[in-house]
Amino acid sequence: MGHRFSRHRMSDLDGLPQGRFSFSEEAPPRYSSSQGDQDTVRNVQAGSTIGEVSINVEEQSNHRISKQDGRRPSIYSTMDAVPHLEFYSNATATGRLRRSRPSLEALRKAYEQGEENSPEGKPVQPVRFGWVTGVMIRCMLNIWGVILFLRLSWITSQAGIILTWVIIFMSILVTSVTSLSVSAISTNGRVSSGGAYFMISRTLGPEMGGPIGVVFSFANALGCALNTVGFSETVRDLLIYNAVMVDEINDVRIIGTITVTLLLLISLAGMEWESKTQILFFLVLMVTFINYFVGTVIPATPEKQAMGFFNYRAEIFVENLFPDWRGSQGDFFQMFAIFFPSAIGILAGANISGDLKDPEIAIPKGTLMAIFWTTISYLAISVTAGACVVRDASGNLNDSLPLNFSGPCEGLGCKLGWNFTHCEQSHTCSFGMSNSFQVLSLISGFGPLITAGVFAASLSSALAFLVSAPKVFQCLCRDNIYPYIDFFAKGYGKNDEPLRAYILTYFIALAFILIAELNVIAPLISNFFLCSYALINFSCFHASIANSPGWRPSFKYYSRWTALFGAVISVVLMFLLTWWAALITFGIILFLFGYVTYKKPEVNWGSSVQAGTYNIALSYSVSLANVEDHVKNFRPQCLVLTGPPNLRPALVDFVGSFTKNVSLMICGDILMDDDKSGISQRNTDKLVKWLNCRKVRSFYTPFKGDSLREGASHLMQASGLGKMKPNTLVIGFKTNWKECSPSSMEDYVSTIHDTFDSNYGMCILRMMDGLDITEELQCETNQAFETDEAIEADHSVNSEGESDDGDDDDEGDDVNTNHIINDEIRTVFQNKQGKKTIDIYWISDDGGLTLLVPYLLTRRKRWRKSKVRVFVIGHQQTMEEERKEMMVLLRRFRLDVREVIVMTDSERPPFPKNLKRFEDSIASFRLREGQQVEGSEQHQRTEGPWRILDKQMDAFRLKSERKVRLNEIIRRNSKHAALVLVSLPVPQSDCPSSLYMAWLDTLSCGLHCPVLLIRGNQQNVLTFYCQ
């Protein structure tokens, strides 16, 4: 119920070094303006003759300490420190040794001690990238792909220029809104490596971040495979005119394997080489674009005109403004589905956030600039192609019209001097935007440069995906959310490269390259990315509406409603593109989400879900305060004086059995004078962790008090929040009441008095071998308990991992928590009770709490088969009528009571041996007439309230005999019960505390099962009315 702590005494200040401190009221102090790292405060000189006192400090020692830890002192103390950025940095995020401010304990010490810090060598600085090379170029290369060069002109011919622009703007709308959300999240604190996974998991928590980390890593690996296959198919089409190695499929496999292996080698060479390769690809693409736009103004040769290219013509532009749907894929959403994957590269920069110089600036600036320039390129290429190339052309030079041609000719080609009527009508045209995918090569000034652009776009995208997947997966592995993947968390080199994850990504990509048919897998990739976009937008929206003080993004150009719109439109597009792929994606997400929710990883990232939970709890708590109490909604909200909960597991398990998911439970720990540990946050966290591991839904509240009574009184007054306030006090029986000091016993009984004065219900639990297991943990297991080997096995890993986590300063906190993980004890309340009985000795009507607690117990699976029996006091003549009356009352209460037993022999005198045992128990507390000193009886009661005077013994003799007799009845009827509940006698003001403790001892002794002495506050907690 409580343990003790020691207070700091003023005598501890005797060790202060003596010296002088000078001051003056006439002259202001003079401050030195010398070196900023000096750790001492110069003596303040004064010209006044007012008394002088000075404190001499060892300046050289303090100067050395300051230089070692790089800390500038405060004017209050040389041990204190001024605010500094590194005090707020996360060591795990930055990968450096975190410098911490001095603790309160260190600041409160009587004298200042230096810290010996070993000199550190200068660390090797990793390669970091700016917003241009790290984000903008990388995103642009990932957005530009084979669709730009091989499909954009074909989409323009199908949808027309106007609808093509609509498709582009729809795609850009999704990516732009997502980029705004990414920018807001990435500027709300320092972003480590992990990209989209890091941002989602740190915002929405591991439940949503874990699934996205797996799916997003896999999608990036498949994206690498897809772009590699696209490159391989282009190479195969170029080689097919000259040579075929094996066949079309195997050629793709061979070229793809060689290509992805070369990309892997580039990645393994390090981020610096990978970045240089990306810059090379970017330069090639720039030359390609220049070559294309120059080609639009170079006069078209007859060969190009035969293929449908006529430079800029108004009639071609007008003809291509409107759609001309052809084939099975000729509709708007099919075109959108084909185009959208070309816009999914906006996270390429965020995925390597750990390798950026300043992610908070680089990610927003680089991503938005990449979207802007790629959008301009898509719009420009679609409109220039639509203004220069007709939809159908034969490629035959003989189809040119002579000057005096008068034959039949239909279509736009006739106005341009070419007759493509025959191939248009027979649908045999091989050229034009609707029939050829090589339109950009046709338009360009030098065709092979477009092929080089296709190579650069596909290879750069494949390389970006190959780098992104391991980076994201490494961050996921380090978070230890899923089992068996921590092998891939290891990093190498100054950039912490995930070489093992590179190899894994390589083999995944290689597996799908060897299939060489990704038409079924490709829709999944778009859905995976759209799912990521939806969750990123939802993360931003949820963090915005959670009203957490920690949500302070420096990027202000976002809105919670645009983020919500981006999330909704992403989900809608998933189902519009390929509904079956969307269902598969959500199925995988839900499975991974369920696993993380079930396992509950021990991480604390300050997610918006936590902030939202707080808001909901606060809102409902305030709303509940306005609801009037009603007997139908009464719940036994228990304040349990457990002391350290792990030392009284039976008391915790018993109360948790009838309060879990029903009502409030607070474990109160009263810290008294002789305990040196005090209240430690580390100690509190361990005990809360113990409660969670035991699956007990309870709060833990330590409180410093001089006595049990004082601590319990304050806890009863201050515990809870609004209507979420305890109404029942639960304590363990004081088994050592005979041996303890009289003041301790008086304190215990006074606590019971105060409980009823506070209008609380009261429960006292007694077990044959006691509740405190401290000695059993130190020696051998008590017979009343058995070791839970299963729980020990489950937490053995955690116990090993925490053995080295503590600081030296917190060694005292482990006095009461050293068995929290290793020595889980399984109590009788965790076992199935079978068909044993729960016996209720309802001696006094207390409002129904005595009946409500066993009813709540029988709702639990372990107690469901137990039979409830109620024992009441009655007379032999009216026994049957009293039994029927009680059965009617219990039925109206809708309580499943199997049997009512009327005790008619409770007024018989007890057996002499039992009465003698009772009298022997209080013999040492008796104060007989011959032992009384001179003075009033009131003086005797004041000096020794636990003493039992002869007059008091005679006055309470009948009550004492009744309790001895009741114990005989209980032992006779409840030998094999699982639990016995007995009405607790209310202590009277004129009853000595020792006599009252003897009553409680007598009522509950001699039973092998747990005994609960229970008493309500005399107010109804049960009703049979509907209102």
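Since the structure is predicted, the reported quantities are computational estimates derived from the model, not experimental observations.

### Structural notes on the state of the cysteines
Here is step 1 of the chain: A complete count under the given rule lists one disulfide for this structure.
Here is step 2 of the chain: Shown here is the disulfide that connects Cys423 with Cys429, its sulfur atoms set 1.9 Å apart. Residues Cys423 and Cys429 share a disulfide whose torsion about the S-S bond is about 80°; that sign makes it right-handed.
Here is step 3 of the chain: Looking at Cys423, the relative accessible area reads 7%, which means it is buried.
Here is step 4 of the chain: A relative accessible area of 8% places Cys429 in the buried class.

### Side note on the pattern of salt bridges
Here is step 1 of the chain: According to the stated counting rule, one finds 20 salt bridges in the structure shown.
Here is step 2 of the chain: One salt bridge in this structure joins Arg883 and Glu880, with 2.8 Å as the shortest N-O distance. Note that Arg883 and Glu880 are positioned in helix 31 (residues 879–892) at a spacing of three residues, about one turn of the helix.
Here is step 3 of the chain: By relative accessible area, Arg883 is classed as partly exposed at 30%.
Here is step 4 of the chain: One connected set of salt bridges, linked through shared partners, spans Asp905, Arg965, Glu968 and Arg972.

### A closer look at the packing of helix 8 (residues 206–239) against helix 18 (residues 499–515)
Here is step 1 of the chain: Relative orientation of the contacting elements helix 8 and helix 18 amounts to 50°, with a least axis distance of 8 Å. Our classification of the angle between helix 8 and helix 18 gives oblique. Read as a crossing pair, helix 8 and helix 18 show a hand that is right-handed. Counted together, Phe218, Ala221, Leu222, Cys224, Ala225, Thr228 and Val229 of helix 8 and Thr505, Ile508, Ala509, Phe512 and Ile513 of helix 18 form the full contact between these two elements.
Here is step 2 of the chain: Among the residues making up the contact of helix 8 with helix 18, the classes are represented as 10 nonpolar, two polar and no charged.

### A word on the packing of aromatic side chains
The geometry of an aromatic ring pair is captured by the separation of the ring centres together with the interplanar angle, meaning the angle of the planes.
Here is step 1 of the chain: Summed over the entire model, instances satisfying the criterion amount to 30 aromatic pairs.
Here is step 2 of the chain: Consider the rings of Trp165 and Phe169, whose centres lie 6.2 Å apart with planes at 70°: the pair is edge-to-face. Highlighted residues: Trp165 and Phe169, both in helix 6 (residues 152–186), separated by four residues, approximately one helical turn.
Here is step 3 of the chain: Ring centres of Trp418 and Phe420 lie 6.1 Å apart, and the angle between their planes is 15°; this geometry places the pair in the stacked category.
Here is step 4 of the chain: Taking the relative accessible area as the measure of exposure, Trp418 reaches 4% and is therefore buried.

### Overview of the pairing of strand 6 (residues 761–766)
In regular strands, side chains alternate between the two faces of the sheet.
Here is step 1 of the chain: Most of strand 6 sits inside the fold, with six of its six residues counted as buried.
Here is step 2 of the chain: Side chains Gly761, Cys763 and Leu765 of strand 6 all project onto a buried face; the interleaved residues Met762, Ile764 and Arg766 project onto the opposite face, where all are buried too.
Here is step 3 of the chain: Pairing between strand 5 (residues 728–732) and strand 6: five bridges, direction parallel. When the sheet's bridge partners are listed, Thr728 is paired in strand 6 with Gly761.
Here is step 4 of the chain: Handedness of the crossover joining strand 5 and strand 6 through helix 26 (residues 742–757) is recorded here as right-handed.
Here is step 5 of the chain: Pairing between strand 6 and strand 15 (residues 1011–1015): five bridges, direction antiparallel. Across the sheet, residue Leu765 finds its bridge partner in strand 15, namely Leu1012.

### Section: the side chain of Thr751
Here is step 1 of the chain: Structurally, Thr751 is set in helix 26.
Here is step 2 of the chain: When its relative accessible area of 1% is taken as the criterion, Thr751 is described as buried.
Here is step 3 of the chain: If near-sequence neighbours (up to four positions away) are discounted, Thr751 is found in contact with Leu708, Arg709, Ala712 and Leu729.

Cut-offs applied
Each chain carries its own residue numbering, running from 1 in the written order of its sequence. Local features in this predicted model are restricted to residues whose pLDDT is 70 or higher, and side-chain atom pairs enter the listing and the counts only when it is 80 or higher, whereas totals over whole chains, interfaces and linings include all residues. The basis for every side-chain value is the complete set of heavy atoms in the structure, and neither hydrogens nor water enter the calculation. Counting rule for disulfides: a pair of cysteine sulfur atoms within 2.5 Å. Only protein chains enter the accessibility calculation, which uses a 1.4 Å probe; a residue is then buried when its area is under 20% of its type maximum, exposed when over 50%, and partly exposed in between. The term salt bridge refers to a pairing of a side-chain nitrogen on Lys or Arg with a carboxyl oxygen on Asp or Glu at a separation within 4 Å. A run of H or I in DSSP counts as a helix once it spans at least four residues, and a run of E counts as a strand once it spans at least two, with each numbered from the N terminus. Lines are fitted to the C-alpha atoms to define the axes, a helix being fitted only along its stretch in contact, and any angle between axes, read from their N-to-C directions, falls within 0 to 180 degrees. Orientation labels follow simple angle bins: below 35 degrees gives roughly parallel, above 145 gives roughly antiparallel, 65 to 115 gives roughly perpendicular, and whatever is left gives oblique. Here a crossing is taken to be left-handed if its near helix is turned anticlockwise relative to the far helix by less than a right angle, and right-handed if that turn runs clockwise. Residues are treated as being in contact if the distance between any of their heavy atoms lies within 4.5 Å. Residue type decides the class: Asp, Glu, Lys and Arg count as charged, Ala, Val, Leu, Ile, Met, Phe, Trp, Tyr, Cys and Pro as nonpolar, and the leftover types, Gly among them, as polar. Stacked, tilted and edge-to-face are the three classes assigned to paired rings of Phe, Tyr and Trp, where Trp is represented by its six-membered ring and a pair needs centres within 6.5 Å; plane angles under 30 degrees give stacked, over 60 edge-to-face, the rest tilted. At least two DSSP bridges between two strands are required for those strands to pair. Seen with its strands pointing away from the viewer, a crossover is right-handed when the path leading from the first strand over the helix to the second is clockwise.

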